[in-house]
Amino acid sequence: MTSSNFEINDDILDFVIKKAYGIKGLVDRSLEIIPNQCIQPKEHRLDKSQIDNQESIPTIDLSNFYDLNVEKSIQEAAAKWGCFQIINHGIPIEVLEDLKDAAHKFFELPAEEKVMYCKDNYSAGESVLMFWSAIGEKNEKVLEWRDSVKHGCNPQNDSNLWPPQTRYQVLEYQKWVKPLAKKLLEVLLKGLNVNEIDESLEPLLMGTMNINMNYYPPCPNPSITMGARPHCDGSCITLLFQDDTGGLYIRGTKGDNWIHVNPIKGALAVNIGDLLQIMSNDRYKSIEHCVAVDSSRARISAPLFVNASLDSVIGPFPQMLKDGEKPVYKHILHSDYWDYFYRKRPSGKASLDFIKI
Ligand code: OGA
Ligand code: NI
């Protein structure tokens, strides 16, 4: 084959990952048969019969952020669903629209222009990285139906290394979204009797941040692929912008049902990640979620992952344990958790078992 053609029997990991054609590259070649390496095992697919249209997550209006009722709804949603949407959060709609347009521009570039952002290893500290999740618990190499790029948003990261198609839009977005993330964390911590994010807590709660962009190309057979397999985020919290395509599902309160996170124009979805479940000693839920792909539309999403710094020690807050409550989790170095998480890519809720007592 020439470098720009793809036959179904060729090395798909080389084509998609190393040469940076991406999943989009497969779709552009009008592939009608899904390559084996993109077919998810049944246990990682979304079982449509479990989609529950009766249950939905709350949409919280942040116009009066520090109103006690608003604070309470945030804390309750984090405890009950581990997920909620926010509106009137203060980020101008143009900033979100620009972010979406930038993602389209980037992922629609020819592979030759994207390949420089691909690295061999997923590491925590990169300023920019295009990556694919092809690793699973049993080391099966099944690719998710998405192309992703990560922008490291930390002081040591150099935004000049970000793609010119996304740089200014991500910089602008992070100016708005970082203080919003901090305010949300403050409210969530208040619900745990931890009263402020001072200098000692800042590295633990928001020591590393990155903004990813995901491009989920349309898929000729969405029932056997997944945009993102069921997983929990390894973050403290994740703030997610999504376009109006839909496809994000989270676990409902019945345990095996899935609820759709309906796209709302201008809203962000917020979910609790493993770290905050650990720190809150299970008060807040790190929610399992997944993304199903559409058969005709490409979907864009942009999560901000708010994480502990790698050298922090994670574990339940002392405030959680002071009345004799038993810790559910050990205290360990965040870098050990991170290594486990990205080496194993645990599915579902398995990620938390690693640190359980
Ligand atoms: C993720 C994720 C959801 C989405 O990137 O961890 O869950 O809607 N993304 O893209
Ligand atoms: Ni996620």
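What counts as what
- Residues numbered from 1 in each chain as written.
- Chains lettered and ligands numbered in written order.
- Predicted model: local features only at pLDDT ≥ 70, side-chain atom pairs only at ≥ 80, totals over all residues.
- Heavy atoms only, no water.
- Phe/Tyr/Trp six-rings, centres within 6.5 Å; stacked < 30°, edge-to-face > 60°.
- Buried < 20%, exposed > 50% of the residue type's maximum accessible area, 1.4 Å probe, protein only.
- Lys NZ or Arg CZ within 6 Å of the ring centre and 35° of its normal.
- Donors = N, O, S within 2.8 Å, 3.2 Å for Na, K, Ca; no water.
- Helix = DSSP H or I, 4+ residues; strand = E, 2+ residues; numbered from the N terminus.
- Core = buried A, V, L, I, M, F, W, Y, C linked by side-chain atoms within 4.5 Å.
- Contact = heavy atoms within 4.5 Å.
- Near = heavy atom within 4 Å.
- Polar contact = N/O pair within 3.5 Å; in protein donor to acceptor, adjacent residues only side chain to side chain.
- Areas by Shrake-Rupley, 256 points an atom, 1.4 Å probe, with all protein chains shown as cover.
- 1 Å grid on protein atoms, 1.4 Å probe; cavity = no way out; pocket = protein on both sides within 12 Å on 5 of 7 lines; lining within 4 Å.
- Sits in = over half its atoms within 2 Å of the grid points.
- Pairing = 2+ DSSP bridges.

A. Highlighting the packing of aromatic side chains. Tallied over the full model, the rule gives eight aromatic pairs. Summarising the aromatic geometry, the rings of Phe106 and Phe107 are spaced 5.1 Å apart at their centres and angled 75 degrees between planes, so their arrangement reads as edge-to-face. Just as Phe106 is buried, Phe107 falls in that class too. Among the aromatic residues, ring-to-ring pairing joins Phe106, Phe107, Tyr117 and Tyr215 into one connected group. Positioned above the aromatic ring of Trp258, the side-chain terminus of Arg251 is 4.0 Å from the ring centre.

B. Seen up close, the coordination of the nickel ion (ligand 2). Around the nickel ion (ligand 2), the donor atoms from the protein are His231 (NE2), Asp233 (OD) and His289 (NE2), and they sit 2.1 Å away. Here the donor residues of the nickel ion (ligand 2) are spaced in sequence according to H-x1-D-x55-H. Here His231, found in strand S6 (residues 228-231), pairs with His289, found in strand S11 (residues 289-291); they are 58 residues apart in sequence, far enough to count as distant. Judged by its relative accessible area of 7%, His289 is buried.

C. Representation of the nonpolar core in the model. By size, the foremost hydrophobic cluster in this structure holds 103 residues, and its most contacted members are Leu184 and Leu205. Among the elements that make up this core, the one with the highest residue count is helix H6 (residues 167-190) (10 residues). Excluding anything up to four places from it in sequence, Leu184 contacts Leu62, Phe65, Ile74, Phe84, Ile86, Ile237, Leu239 and Val270. Counting residues in each nonpolar core, the second largest holds six residues, with Leu46, Tyr249, Trp258 and Cys290 among its members.

D. Layout of the site of ligand 1. Neighbouring residues of ligand 1: 13 residues in total, closest Tyr216, His231, His289, Arg299 and Ser301. Between ligand 1 and Tyr216 there is a distance of 2.6 Å, counted from an oxygen atom to a side-chain nitrogen or oxygen. Within the contact set of ligand 1, an oxygen atom lies 2.5 Å away from a side-chain nitrogen or oxygen of Ser301. Contact with the protein chains covers 95% of the free accessible surface of ligand 1, which is 290 Å². Counting atoms within 2 Å of the grid points, the majority share of ligand 1 lands in the largest cavity. Looking at the shell around ligand 1, the elements that each hand over two or more residues are strand S5 (208-216), S11 and strand S12 (299-307). The element that contributes the greatest number of residues to the shell around ligand 1 is S12, accounting for four residues.

E. Focus on the pairing of strand S4 (residues 147-152). Across the six residues of S4, six count as buried, placing the element largely inside the fold. By the bridge criterion, four bridges tie strand S3 (residues 128-131) to S4 in an arrangement that is antiparallel. Considered in S4, the bridge of Leu129 is made with Lys150. Bridging between S4 and S5 involves six bridges; their strand directions are antiparallel. Bridging across to S5, Ser148 finds its partner in Asn214.

F. Region of the structure containing the pairing of S12. Most of S12 is tucked away, with nine of its nine residues classed as buried. Along S12, one buried face is formed by Arg299, Ser301, Pro303, Phe305 and Asn307 and the opposite face, lined by Ile300, Ala302, Leu304 and Val306, is buried too. Sheet topology places S5 next to S12; seven bridges connect them, and they run antiparallel. Each bridged residue has a counterpart across the sheet, and for Tyr216 the counterpart in S12 is Arg299. When strand S7 (residues 237-242) meets S12, the two strands line up antiparallel, connected through six bridges.

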